[in-house]
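# Structural description and commentary
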Amino acid sequence: MLSTKGDRVLLIDVSEDANDPVLAVYDQTGQALLREKAALAALIDARLSTNGRYVLLKGLPPMPKRDLIRLIVIDVDHPKQRWTVTYHGGRVTSEEFVENALGGFDIWLNEQQRYSFPR
């Protein structure tokens, strides 16, 4: 994925069985700003914010349990600043990830804003 500004690229490497995703974000010079194994057993969806500063990952927790979904939002410039939540997918009839004014993500579940990172 390429940020809208075009100055950052998100690459995610997953094995054939979609397990153990490894993510990397590079700047326009090709320097790795972030490289790590995602704390997910499998990746379902990924987003890179318009400004390229935040990465949103949706997937299965490392120890998958029936119906659990994990969301992770990472601040690429400050990788220790991150937010993680796990919820029951069967209880969610709609979900939406919306970029907020700070360039991060608002997470809407069942048509209600439940989470926002950064705050």
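A few points on the structure. Please read all numbers here as calculations on a predicted model, not as lab measurements. (Residues numbered from 1 in each chain as written. Predicted model: local features only at pLDDT ≥ 70, side-chain atom pairs only at ≥ 80, totals over all residues. Heavy atoms only, no water.)

Our next topic: the pairing of strand β6 (residues 68-75). In terms of burial, β6 is largely enclosed, as 8 of its 8 residues are buried. Across the two faces of β6 the burial is the same, with L68, R70, I72 and I74 and I69, L71, V73 and D75 all buried. Of the strand pairs in this sheet, strand β5 (residues 54-60) and β6 are connected by 6 bridges, and their pairing is antiparallel. Within the sheet, the bridge partner assigned to L57 lies in β6 and is I72. (Buried < 20%, exposed > 50% of the residue type's maximum accessible area, 1.4 Å probe, protein only. Helix = DSSP H or I, 4+ residues; strand = E, 2+ residues; numbered from the N terminus. Pairing = 2+ DSSP bridges.)

To continue, consider the nonpolar core. Counting 14 residues, the largest nonpolar core has L56, L71, V73, W83, Y87, F105 and I107 as its most contacted members. Elements supplying a minimum of two residues to this core: β5, β6, β7 (82-88) and β9 (105-109). Every residue in contact with V73, bar those within four places of it in the chain, is listed here: Y54, V55, L56, Q81, R82, W83, F105 and F117. In this structure, A46, V55, L57 and I72 belong to the second largest nonpolar core, which totals 13 residues. (Core = buried A, V, L, I, M, F, W, Y, C linked by side-chain atoms within 4.5 Å. Contact = heavy atoms within 4.5 Å.)

For the rest of this paragraph, the subject is the sheet that holds strand β10 (residues 112-117). The strands making up a sheet associate through hydrogen bonds between their backbones, and the pairing can be parallel or antiparallel. Reading across from one edge, β8-β9-β10 is the order of the 3 strands in this open sheet, with antiparallel pairing throughout. In this open sheet, the two strands that pair with only one neighbour each are β8 (95-99) and β10. Between one strand axis and the next, the sheet turns by 20° as a mean value, whatever way the strands run. Across 5 bridges, the pairing between β8 and β9 is antiparallel. Within β9, the position partnered with E99 by the bridge is F105. (Axes fitted to C-alpha atoms, helices over the stretch in contact; angles between N-to-C directions.)

Geometry only, nothing functional implied.
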